[in-house]
Amino acid sequence: MPETISFPQPHKVVTQKPSLRKYLTYLLFFGPGAVLASMTIGQAQFIIGPQIGSWAGYRLLWLITLNVGSYIIAYVSCRFTMLSGVSLMDIFALKTRRGWLNWLFIGIILFFVPLFAAAIITTLGQTLAWIFGVGHYLLWGIGFCTVALLLVLIGRYRLLEHTQAFFVAVLGVGAVISVLVIRPDLLDVIPHFFTFGDVPSYPAWVDQVEGFTRTPIPVVMLGYLGTLTVTIIPLVGYLGWIKVKRWGIFKDKENPDRFQEGLFQRFKNKGRIDYLPESDSEHKKARLLLRPIVVDLAIALVIVSVVSIAYMVAGAALFRPEHIIPTDQDLLTNQKEIFVQIAPEAANLLTPLYQVSIGFALFGTVYAGFEAAARMVHETGRHVNVIGRLPYRRFLVYLMVYVLGLGILLSLLVYWGISVLLLLSLTLLFIGVVGVVIYGAGAVYMTQRVLPERYRLNRWQLAVAIVSVLMLLVPLVAFAA
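Okay, the overall build of the protein chain next. A count of helical and extended segments in the protein chain gives 22 helices and 0 strands. Its C-alpha atoms give the protein chain a radius of gyration of 22 Å, near enough to 23 Å, the size a compact globule of 481 residues would have. Viewed in the frame of its principal axes, the protein chain has a C-alpha envelope of about 70 × 45 × 45 Å. Looking at the protein chain as shown, the accessible area adds up to about 20000 Å², and 63% of this sits on carbon and sulfur atoms. Mean positive and mean negative side-chain charge positions of the protein chain (38 and 25 charges, respectively) differ by 12 Å.

With that settled, the discussion passes to unusual backbone geometry. The phi dihedral of R98 is positive, around 55°, even though this residue is not glycine. With a relative accessible area of 75%, R98 lands in the exposed category. If you check the backbone angles, R183 has positive phi at about 55° while not being a glycine. Tracing the backbone through its elements, the reader meets R183 in the loop between helix 10 (157-182) and helix 11 (186-189). Under the relative-accessibility criterion, R183 is labelled exposed at 70%.

On the surface, a nonpolar cluster with roughly 610 Å² of combined accessible area is contributed by L409, L412, L413, Y415, W416 and I418. Along the chain, the position of L413 falls in helix 19 (residues 392-415).

So, about the packing of helix 6 (residues 68-84) against helix 13 (residues 232-245). Packing of helix 6 against helix 13 leaves a shortest axis separation of 10 Å and a crossing angle of 35°. In terms of crossing hand, the pair formed by helix 6 and helix 13 is right-handed. For the pair helix 6 and helix 13, contact is made by I73, A74, S77, C78, T81 and M82 and by L235, Y238, L239 and I242, respectively. Here the residues of the contact of helix 6 with helix 13 sort into 8 nonpolar, 2 polar and no charged.

Scanning the entire structure with this criterion turns up 8 salt bridges. Two residues, R59 and D198, come together in a salt bridge whose shortest N-O distance is 2.6 Å. Taken together, the residues R59 in the loop between helix 4 (43-56) and helix 5 (62-66) and D198 in the loop between helix 11 and helix 12 (217-228) connect sequence positions 139 residues apart. For R266, the salt bridge goes to D274, with nearest N and O atoms at 3.2 Å. Judged by relative accessible area, R266 falls into the buried class, the value being 10%.

Take the packing of aromatic side chains next. A complete count under the given rule lists 14 aromatic pairs for this structure. Plain terms: the ring middles of W62 and F196 are 6.4 Å apart, the flat faces sit at 80° to each other, and that makes the pair edge-to-face. One end of the pair, W62, is in helix 5; the other, F196, is in the loop between helix 11 and helix 12, and 134 residues separate them in sequence. On the accessibility criterion, F196 (41% relative accessible area) is partly exposed. Consider the rings of F105 and Y439, whose centres lie 5.9 Å apart with planes at 55°: the pair is tilted. With F105 in helix 8 (residues 100-132) and Y439 in helix 20 (residues 420-450), the pair connects residues that are 334 residues apart, well separated along the chain. Residue F105 is classed as buried on the basis of its relative accessible area of 0%. Clustering of aromatic rings is evident, with ring pairs tying together Y23, Y26 and F29.

Before going further, it helps to spend a moment on the packing of helix 7 (residues 88-95) against helix 20. At a closest axis distance of 11 Å, the pairing of helix 7 and helix 20 adopts a crossing angle of 80°. With respect to each other, helix 7 and helix 20 are oriented roughly perpendicular. Residue-level inspection shows L88, M89, I91, F92 and K95 of helix 7 in contact with helix 20, the latter providing Y439, G442, A443, M446 and V450. Tallied by class, residues from the contact of helix 7 with helix 20 come to 8 nonpolar, 1 polar and 1 charged.

Relative to the helices and strands, I106 resides in helix 8. The sequence separation of I106 and H378 amounts to 272 residues, and the corresponding C-alpha distance is 9.4 Å.

Another point: the side chain of R79. Note that R79 resides in helix 6. Within the buried set, R79 has no salt-bridge partner at all; the shortest N-O distance to an opposite charge, 12 Å, is to E278. Reaching out from R79, the side chain makes a polar contact with the backbone oxygen of R456 at a distance of 3.4 Å. Here R79 is in contact with L290, T447, L451, Y455, R456, L457 and Q461, once residues within four sequence places are set aside.

We now examine the side chain of T215. For T215, the position within the fold is in the loop between helix 11 and helix 12. The class of T215 is buried, set by a relative accessible area of 18%. Contact partners of T215, with chain neighbours within four places excluded, come to Y202, V220 and L422.

When you line up the elements, L151 lands in helix 9 (residues 137-154). Of the residues examined, L151 reaches a relative accessible area of 30% and is grouped as partly exposed. The spatial distance from the C-alpha of L151 to the C-alpha of E371 is 10.0 Å, given a sequence separation of 220 residues. Excluding residues within four positions of it along the chain, L151 makes contact with F363 and Y367.

Our focus in this paragraph is helix 16 (residues 291-319). With 29 residues, helix 16 ought to run about 42 Å at 1.5 Å a step, and its terminal C-alpha atoms sit 42 Å apart, in line with that. In terms of burial, helix 16 is a largely internal element, 21 of the 29 residues being buried.

The next point concerns the environment of S279. Along the polypeptide, S279 turns up in the loop between helix 14 (256-270) and helix 15 (280-289). Expressed as a C-alpha distance, the spacing of S279 and I120, which sit 159 residues apart in the sequence, is 51 Å. Among the polar contacts made by the side chain of S279, one reaches the side chain of S281 at a distance of 3.3 Å.

Quick notes on the rules
- Residues numbered from 1 in each chain as written.
- Predicted model: local features only at pLDDT ≥ 70, side-chain atom pairs only at ≥ 80, totals over all residues.
- Heavy atoms only, no water.
- Helix = DSSP H or I, 4+ residues; strand = E, 2+ residues; numbered from the N terminus.
- Rg over C-alpha atoms; globule rule 2.2 N^0.38 Å.
- Areas by Shrake-Rupley, 256 points an atom, 1.4 Å probe, with all protein chains shown as cover.
- Lys, Arg positive; Asp, Glu negative; His and termini not counted.
- Charge placed at Lys NZ, Arg CZ, Asp CG, Glu CD.
- Buried < 20%, exposed > 50% of the residue type's maximum accessible area, 1.4 Å probe, protein only.
- Patch = residues over 30% accessible without salt bridge, like charges linked within 9 Å, V, L, I, M, F, W, Y side chains within 5 Å.
- Salt bridge = Lys/Arg side-chain N within 4 Å of Asp/Glu carboxyl O.
- Axes fitted to C-alpha atoms, helices over the stretch in contact; angles between N-to-C directions.
- Left-handed = near helix turned anticlockwise from the far one by under 90°.
- Contact = heavy atoms within 4.5 Å.
- Nonpolar A, V, L, I, M, F, W, Y, C, P; charged D, E, K, R; others polar.
- Phe/Tyr/Trp six-rings, centres within 6.5 Å; stacked < 30°, edge-to-face > 60°.
- Parallel < 35°, antiparallel > 145°, perpendicular 65-115°, else oblique.
- Polar contact = N/O pair within 3.5 Å; in protein donor to acceptor, adjacent residues only side chain to side chain.
- Expected span 1.5 Å × (residues − 1).

Taken by themselves, the reported measurements are silent on function.
Now the structure itself:
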């Protein structure tokens, strides 16, 4: 490997003059973001979002605004790897004592992902049993999660990307149309996106709702924020997807994995990144090579935000006046009223549309989640003697058998009385808030310490990155105050 490398030429479209055609072509960069959006849009948007809207009204919409912070963290993380060619997780393994940060992330995933699998077995199973009208929901849930696992094992990344784009489109369009038909008062809705720290209390009537249990409001808030964020699973999974898409420094590389390993070994031997070019022309190419990740993350953020807003607003507009709250007894059946609002006279057609959309989205969450969780643990454990040189496909089989097997056992506990909503809130609190804050702080620190000075975040970028990490802690601080 030469002493100094050269960056590949950026995609031609990013060097073109501004035009409508150029920005429409940018949409072709949307790939991993579709997987991310499909993983994000799932149980929480359909269940927790309308539930929060039903008792809190519009007062917690500011949680959706805070979620911007997680996407900036994702950009900082991807930026490091796209510029240096080295995975942040490999840097954490070398730069933290005995790779403790990697071990922490692995522990969070191995503990909480089976809990998430149990929750989605339950909700996906209930949806399918509702759609077909026969069979026990656990059999449906276990069967379709097994199908998702098989598709991940035999499928390719492109299949994953295209199917998730379809799932996201079906759900997003339906949610937006529904809210447009409901026509909530925008003057009442919009201010609540910026009322940071406004913490509502449960209204007295919630105690009269059968099956509803008062979960501590900080847990609800942080859990819901965790459903919105780019959780640590796709945050680390993105570091693998970058290589699959050959973005950044990996552009035009025939074997991105081997190229990355070579750069990592050089960094490991010398203790610093000394191979990035210093010329102005190369630095300009480096900036342009980051454009795909900016576009991909921005589109994913818009989609996730729009769908999340739609379901919370719909819950406030439709369920709150009627004192209805989706509970463990009816996780998804009440939400059909959201779709029916499109045309009440066509309820017989729209209810199946809602059912199919929910089924597609939940299945997409399982499908994308399996692949992303495997990539996350594989990337995290390669250099802390957990994965070693185990091929990714074989590792995928081992991990998915563990997740699905334990998830099935835990789903039986849900059947016997453990709250699905509590499982979701706790799981997403740790993988979507606690883990992301720790990861984000580490990404910012390593960017400023490990990258050559010219490739670090400038003063304003650093300030934005730090604020983005702190944003995710606002719900906890607000409640404590």
